[in-house]
Amino acid sequence: MRSLRMLIAPTILFAALAFSLFAAEKDKKEAAPKEPPRPSYEMPQPEKESLDLAMYQSIREEALRHSHIMEYASGLRGGIGPRLTGSPNLKRANEWTRDQFTAMGCTNAHLEDWGEFGMGWQQLNTWVRMASPDPAVFIAQAAPWSPATKGAVTAPAVWVDIKTEADFDKYKGKLAGKIVFLDEMREVKAVDKPLFTRDEDADLKRIQEYPTNLANAFSFAAFLKTLAFREKIGRFLAAEQAVAAITPSRDGRYGGGSGGTLFDDTGAGFGWLIYQREHANALPVAVTAIENYGRVYRLLKAGVPVSIELNIDTKFTGDHEHGFDTIAEIPGTDPKLKDEVVMLGGHLDSWASATGATDNGAGSVVAMEVMRILNALQIKPRRTIRVGLWTGEEEGEFGSYGYVKQHFGFVPRSSAPDQITVTEFDRDASGPIQLKPEHQKLSAYFNLDNGSGRVRGVYLQGNAAIAPIFVQWIEPLKDLGVATLAMRDTGGTDHEAFDAVGLPGFQFIQDPLDYGSRTHHSNMDTYERLQPEDLAQAALVEATFVYNAAMRDQMLPRKPLPHPELEPKRSQPLKNVMPGAETRD
């Protein structure tokens, strides 16, 4: 008995010591700060997507057999009409789309203020005619934000050629009481190619090939500086007491800017910032069809006197109008994922010379139809699905950039003097991206803004990690013509706001139809240019993408966070590369 007790005592002591060490180690681990879990978009993605093919078929049936997209299109174009940013019509469109989202079953349908825009404006009536040497009725529209002539006026026409400020001296004292024809007459080429086209296999292959020359030949900042000089021209004409100005319509793709089609945007007036009172058009200005402009141009060049009669009847509705986005949701239901978001949208605003059917009423009603389809199928998404119909896109993507800035993050922008004439979100970066907590909650944004054509694929915006996922998503859609994934970027619309702060933002590839040739910003951008079957197909595809993103286990992968503030330094030539070269400061 004595020896047993002697054996038990050290055993108990050893056990107590071990327990003490274990407890200390446990306390140490519990005291150590826990690292926050990595967001799911940073985790390895599954090789095989779990696709709900039954839902694919349900979406297909609802989108094609029970489409209501043309009813939305008719209400937006016919019932409301053109939707220039800041205008009463755009306010009506915001409210109408909000109410439609509520009626179809969405929650939290509301308008979000993205900030002050500028002047509200409407075109009430515009007509232009040649009174002599021969009466002729012209096809014409007021340039956006043109002041009114306050009734019909008749005046002699004069053509001016102003390319630099030195040219002002040629016309001082010679323009009072005149209607000025401004700009050279452009060549009007024969329309020898179809204005309405669909992408063939060769076109899609070209889109799919990644360009090795990434230099951007078009500089938006340089374009804005050109328009800043146009503002000086307008002020000069007003100071010389000209009555009004007439400008020629630019051309469209394949010569589409002829035959009565005219393009009417800020290029028709006197600057880009003409929606701000301090940069307003200094005198009434209209744009006319190129054939009408050409007749007067040739008469004046030949020394024949021309008399023009016109009435530019417009109305301003305020100097400090705000812009609003229409937002609505289908709430998520997964307790762990419901705070994450999948977004879709397009821009609701348009230009004023037509009803903004293809630019971008098409993208807006497709987004509306997507939400209707998903509500009609009574889906219960794991993540929240949120739609955004943006405004101010045509003047600088203000609505989408404003929304992203308020919710997800922003790039600080330069306030240098040479940047003042550049729209806010196109100015040079002055620092790294500033992120907000919601930045980690957005899985992806899907955008449609290339007209009425059917979807043929997706621009991936350089996001290589997304390609294996989308390849699987589009496989069941190939019989609908969806087969192309392009790594290249595409720009000029609202997905850029998301991409700019490192969020997955995608634009769909669409058949071009006659978008670039005759409807984009033109007087032909009407309901009749819409293709119902194409729009139904586009809604089907976008609904499928949105559904997949909302239901998969993980958020979609992202590209590395961009650093736009480093671009100037990264683009500088390397130093001391050439052997034997003298070192320079």
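What you see is a predicted model; the values in this text were computed from it and never measured. (Residues numbered from 1 in each chain as written. Predicted model: local features only at pLDDT ≥ 70, side-chain atom pairs only at ≥ 80, totals over all residues. Heavy atoms only, no water.)

**Looking at the overall build of the protein**
- When its secondary structure is counted, the protein shows 15 helices and 16 strands.
- Dimensions of the protein, computed from C-alpha atoms along their principal axes, come out at roughly 135 × 70 × 50 Å.
- A total of 585 residues make up the protein; the buried ones form 52% of that total.
- Contacts in the protein between residues at least 24 apart in sequence constitute 85% of all its contacts with a sequence separation of at least 6. (Helix = DSSP H or I, 4+ residues; strand = E, 2+ residues; numbered from the N terminus. Buried < 20%, exposed > 50% of the residue type's maximum accessible area, 1.4 Å probe, protein only. Contact = heavy atoms within 4.5 Å.)

**Focus: the environment of Ser 452**
- Inspection of the secondary structure assignment puts Ser 452 in the loop between β13 (442–447) and β14 (455–459).
- We classify Ser 452 as buried; its relative accessible area is 4%.
- Through-space distance from the C-alpha of Ser 452 to that of Gln 510 is 8.0 Å; in sequence the pair is 58 residues apart.
- Apart from residues lying up to four places away in sequence, Ser 452 is in contact with Thr 358, Ala 362, Gln 510, Leu 513, Arg 529, Leu 530, Gln 531, Asp 534 and Leu 535.
- Here the side chain of Ser 452 touches Gln 531 through a polar contact of 2.8 Å, landing on its backbone nitrogen. (Polar contact = N/O pair within 3.5 Å; in protein donor to acceptor, adjacent residues only side chain to side chain.)

**Concerning the nonpolar core**
- Counting residues in each nonpolar core, the largest one holds 64 residues, and the members touching the most others are Phe 446, Phe 470 and Phe 545.
- The dominant element in this core, judged by the number of residues it contributes, is helix α14 (residues 532–551), at eleven residues.
- The residues contacting Phe 545, other than those within four sequence positions of it, are Phe 446, Val 458, Phe 470, Trp 473, Ile 474, Leu 477 and Phe 508.
- The next biggest cluster of nonpolar side chains, apart from the first, holds 60 residues, and it includes Leu 84, Phe 181, Trp 351 and Val 422. (Core = buried A, V, L, I, M, F, W, Y, C linked by side-chain atoms within 4.5 Å.)

**Remarks on the packing of helix α4 (residues 88–104) against helix α8 (residues 357–376)**
- Two elements in contact, α4 and α8, have axes separated by 9 Å at closest approach and are oriented at 15°. Viewed along their axes, α4 and α8 adopt a mutual orientation that is roughly parallel. With respect to the hand of their crossing, α4 and α8 are arranged in right-handed fashion. Judged by residue contacts, Trp 96, Thr 97, Gln 100, Phe 101 and Met 104 of α4 engage Met 368, Met 371, Arg 372 and Asn 375 from α8.
- Here the residues of the contact of α4 with α8 are counted per class, giving five nonpolar, three polar and one charged. (Axes fitted to C-alpha atoms, helices over the stretch in contact; angles between N-to-C directions. Parallel < 35°, antiparallel > 145°, perpendicular 65-115°, else oblique. Left-handed = near helix turned anticlockwise from the far one by under 90°. Nonpolar A, V, L, I, M, F, W, Y, C, P; charged D, E, K, R; others polar.)

**As for the pattern of salt bridges**
- Scanning the entire structure with this criterion turns up 34 salt bridges.
- The partner of Glu 62 in a salt bridge is Arg 372, with the nearest N and O atoms 2.9 Å apart. Of this pair, Glu 62 sits in helix α2 (residues 53–65) while Arg 372 sits in helix α8, and the two are 310 residues apart along the sequence. We note that Glu 62, like Arg 372, is buried.
- Note that Glu 184 is salt-bridged to Lys 163, the shortest N-O span being 3.5 Å. In this pair, Glu 184 sits in the loop between β5 (179–182) and α5 (201–208) while Lys 163 sits in the loop between β4 (153–160) and β5, placing the two residues 21 residues apart along the sequence.
- Through salt bridges that share partners, Arg 198, Arg 454, Arg 456, Asp 511 and Asp 534 make up one connected network. (Salt bridge = Lys/Arg side-chain N within 4 Å of Asp/Glu carboxyl O.)

**What to know about the side chain of Asn 375**
- Of note, Asn 375 is situated in helix α8.
- Overall, the relative accessible area of 16% leaves Asn 375 in the buried class.
- Those residues within four positions of Asn 375 in sequence are excluded, and the remaining contacts are Met 104, Gly 105, Cys 106 and Ile 330.

**Let's talk about the packing of aromatic side chains**
- One pass over the structure, following the stated rule, counts 31 aromatic pairs.
- Relative to Phe 408, the ring of Tyr 403 has its centre 6.1 Å away and its plane inclined at 65°; by these criteria the two rings are edge-to-face.
- The buried category is assigned to Tyr 403, whose relative accessible area is 1%.
- On the accessibility criterion, Phe 408 (2% relative accessible area) is buried.
- Joined through ring pairs, the aromatic side chains of Trp 114, Phe 117, Trp 145, Tyr 275, Trp 351, Phe 398, Tyr 401 and Phe 425 make up one cluster.
- It is Arg 277 that lies over the ring of Phe 316; its NZ or CZ is 5.3 Å from the centre. (Phe/Tyr/Trp six-rings, centres within 6.5 Å; stacked < 30°, edge-to-face > 60°. Lys NZ or Arg CZ within 6 Å of the ring centre and 35° of its normal.)

**Here's the deal with helix α10 (residues 398–407)**
- By the criterion of burial, α10 is predominantly enclosed, with eight of the ten residues buried.
- Of all the positions in α10, only Phe 398, Gly 399, Ser 400, Tyr 401, Gly 402, Tyr 403, Val 404 and His 407 are classed as buried.
- Trailing α10 by a residue or two, Gly 409 shows a phi angle of about 155°, which is positive.

**A short note on the pairing of strand β8 (residues 307–330)**
- With 19 bridges joining them, strand β1 (residues 107–132) and β8 adopt antiparallel strand pairing. Pairing of Ser 132 across the sheet is with Ser 307, part of β8.
- Note: β4 against β8, four bridges, orientation antiparallel. Paired with Thr 154 across the strands is Glu 309, a residue of β8. (Pairing = 2+ DSSP bridges.)

**Details of the packing of helix α11 (residues 467–474) against α14**
- Viewed as axis vectors pointing N to C, α11 and α14 meet at an angle of 125°, and their least axial separation amounts to 11 Å. The angle between the axes of α11 and α14 places the two elements in the oblique class. Crossing geometry of α11 relative to α14 is assigned as right-handed. Residues Phe 470, Trp 473 and Ile 474 of α11 lie in contact with α14, whose contacting residues are Phe 545, Asn 548 and Ala 549.
- The class makeup of the residues in the contact of α11 with α14 is five nonpolar, one polar and no charged.

**Brief notes about the environment of Trp 272**
- Following the sequence through the fold, Trp 272 ends up in the loop between β6 (244–248) and β7 (285–288).
- Overall, the relative accessible area of 11% leaves Trp 272 in the buried class.
- In this structure, the C-alpha to C-alpha distance between Trp 272 and Gly 173, residues 99 residues apart in sequence, is 27 Å.
- Setting aside residues no more than four positions away along its own chain, Trp 272 makes contact with Phe 220, Phe 223, Leu 224, Leu 227, Thr 266, Glu 394, Glu 395, Gly 396 and Thr 423.
- Here the side chain of Trp 272 touches Glu 395 through a polar contact of 3.0 Å, landing on its backbone oxygen.

**Side note on the pairing of β4**
- In terms of strand pairing, β4 meets β5 through four bridges, oriented parallel. Within β5, the position partnered with Trp 159 by the bridge is Phe 181.

Remember, this is a structural readout, not a statement about activity or role.
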